[in-house]
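For reference, the chains in residue letters:
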Amino acid sequence: MAIQALIFDVFGTLLDWHGGVAREAGRLLAPFRPDLDGGAFARAWRDRYQPGMEPIRQGARSYTDLDTLHAESLEGVLAGLNLAEAVPAGIRHELVLAWHRLDAWPEVPDALARLREKYLLAPCSNAHVRLAIAHARRNRLPWDTVLGAEIAQDYKPKPAVYLRAVEALRLEPAEVMMVAAHSSDLAAAAACGLATAHVARPGESGPGTGEPAPLVPVDVAASDLADLARQLGC
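In this report, the structure presented in the accompanying data block is examined. (Residues numbered from 1 in each chain as written. Predicted model: local features only at pLDDT ≥ 70, side-chain atom pairs only at ≥ 80, totals over all residues. Heavy atoms only, no water.)

Some thoughts on the overall build of the protein
Inference 1: When you go through the protein residue by residue, the secondary structure sums to 11 helices and six strands.
Inference 2: The C-alpha atoms of the protein give a radius of gyration of 18 Å, which matches the 17 Å a tight globule of 234 residues would have.
Inference 3: Across its three principal axes, the protein shows a C-alpha extent of roughly 55 × 35 × 30 Å.
Inference 4: Classification of the 234 residues of the protein by burial places 53% in the buried group.
Inference 5: As presented, the protein carries roughly 9,900 Å² of accessible surface, and 53% of it is formed by carbon and sulfur atoms.
Inference 6: Of the charged side chains in the protein, 23 are positive and 29 negative, and the gap between their average positions amounts to 3 Å. (Helix = DSSP H or I, 4+ residues; strand = E, 2+ residues; numbered from the N terminus. Rg over C-alpha atoms; globule rule 2.2 N^0.38 Å. Buried < 20%, exposed > 50% of the residue type's maximum accessible area, 1.4 Å probe, protein only. Areas by Shrake-Rupley, 256 points an atom, 1.4 Å probe, with all protein chains shown as cover. Lys, Arg positive; Asp, Glu negative; His and termini not counted. Charge placed at Lys NZ, Arg CZ, Asp CG, Glu CD.)

Printed below as a string of structure tokens:
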């Protein structure tokens, strides 16, 4: 079957979460910790990302959106820096909204515009719909629709997240390609019958921290999103 739609991981694959959160943490927490290492703060917060979703994946907790999970995990990060009592509620809220103010990697908006000439495009992200809209409006991401965790009421890599996206597009799994910078995401999508494309983000959370090449078999391996567009004939 020919590919008709591309669905995308967002954090890391399309957006520089590390740089964005580091920037906002440095700005917002400067009055309380002038010497804050924004990058270390961003990585410490991201380390709590997967554990926060795990009770929902396991059925021990009902679906809860990512803003709520980020707010909960922020408490532990602040406590680890002895800032739990110092940072007021308004600043904590603005820190959670830092995840709404992420910037795309430089080639992403134009590459997506090229890809949209040939394929249906949608995020398949752990972000909720309002968060996906914020990313799209800030970065000119030309989505045809928004899919992912909130639609499935679950979090990747649960099969429902990929399969509900395919169902919403009225396509077969083999007609949909999952695009991500993370091999675990692609392996889960492939197990559901989707085609896969790996986009390298070797500096995702700092130099040498991401995947320069896929760790699992994929249909396409690209150096960035512009390279993916070229390989797909766009």
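Having put the structure on the table, let's press on.
Examining the pattern of salt bridges
If charged atoms from side chains of opposite charge come close, those side chains can pair.
Inference 1: Counted under the stated rule, the structure contains 17 salt bridges.
Inference 2: Where Lys158 meets Asp154, a salt bridge forms, and the shortest distance between an N and an O atom there is 2.7 Å.
Inference 3: Taking relative accessible area as the criterion, Asp154 reaches 10% and is therefore assigned buried.
Inference 4: The partner of Arg230 in a salt bridge is Asp227, and the shortest N-O contact between them spans 3.9 Å. Taken together, the positions of Arg230 and Asp227, both in helix H11 (residues 225-231) and three residues apart, correspond to about one turn of that helix.
Inference 5: You can call Asp227 buried: its relative accessible area is 16%.
Inference 6: Through salt bridges with shared partners, a single ionic network connects Arg23, Glu24, Arg27, Glu94, Arg101, Asp103 and Arg138. (Salt bridge = Lys/Arg side-chain N within 4 Å of Asp/Glu carboxyl O.)

Considering the packing of helix H3 (residues 49-57) against helix H4 (residues 66-80)
Inference 1: Remark: H3 packs on H4, axes separated minimally by 10 Å, with the N-to-C direction vectors making an angle of 125°. Taken together, the axes of H3 and H4 are oblique relative to one another. Like other packed secondary-structure pairs, H3 and H4 cross with a definite hand, here right-handed. Here H3 contributes Tyr49, Gly52, Met53 and Ile56 to the contact with H4, which in turn contributes Leu66, Leu69 and His70. (Axes fitted to C-alpha atoms, helices over the stretch in contact; angles between N-to-C directions. Parallel < 35°, antiparallel > 145°, perpendicular 65-115°, else oblique. Left-handed = near helix turned anticlockwise from the far one by under 90°. Contact = heavy atoms within 4.5 Å.)

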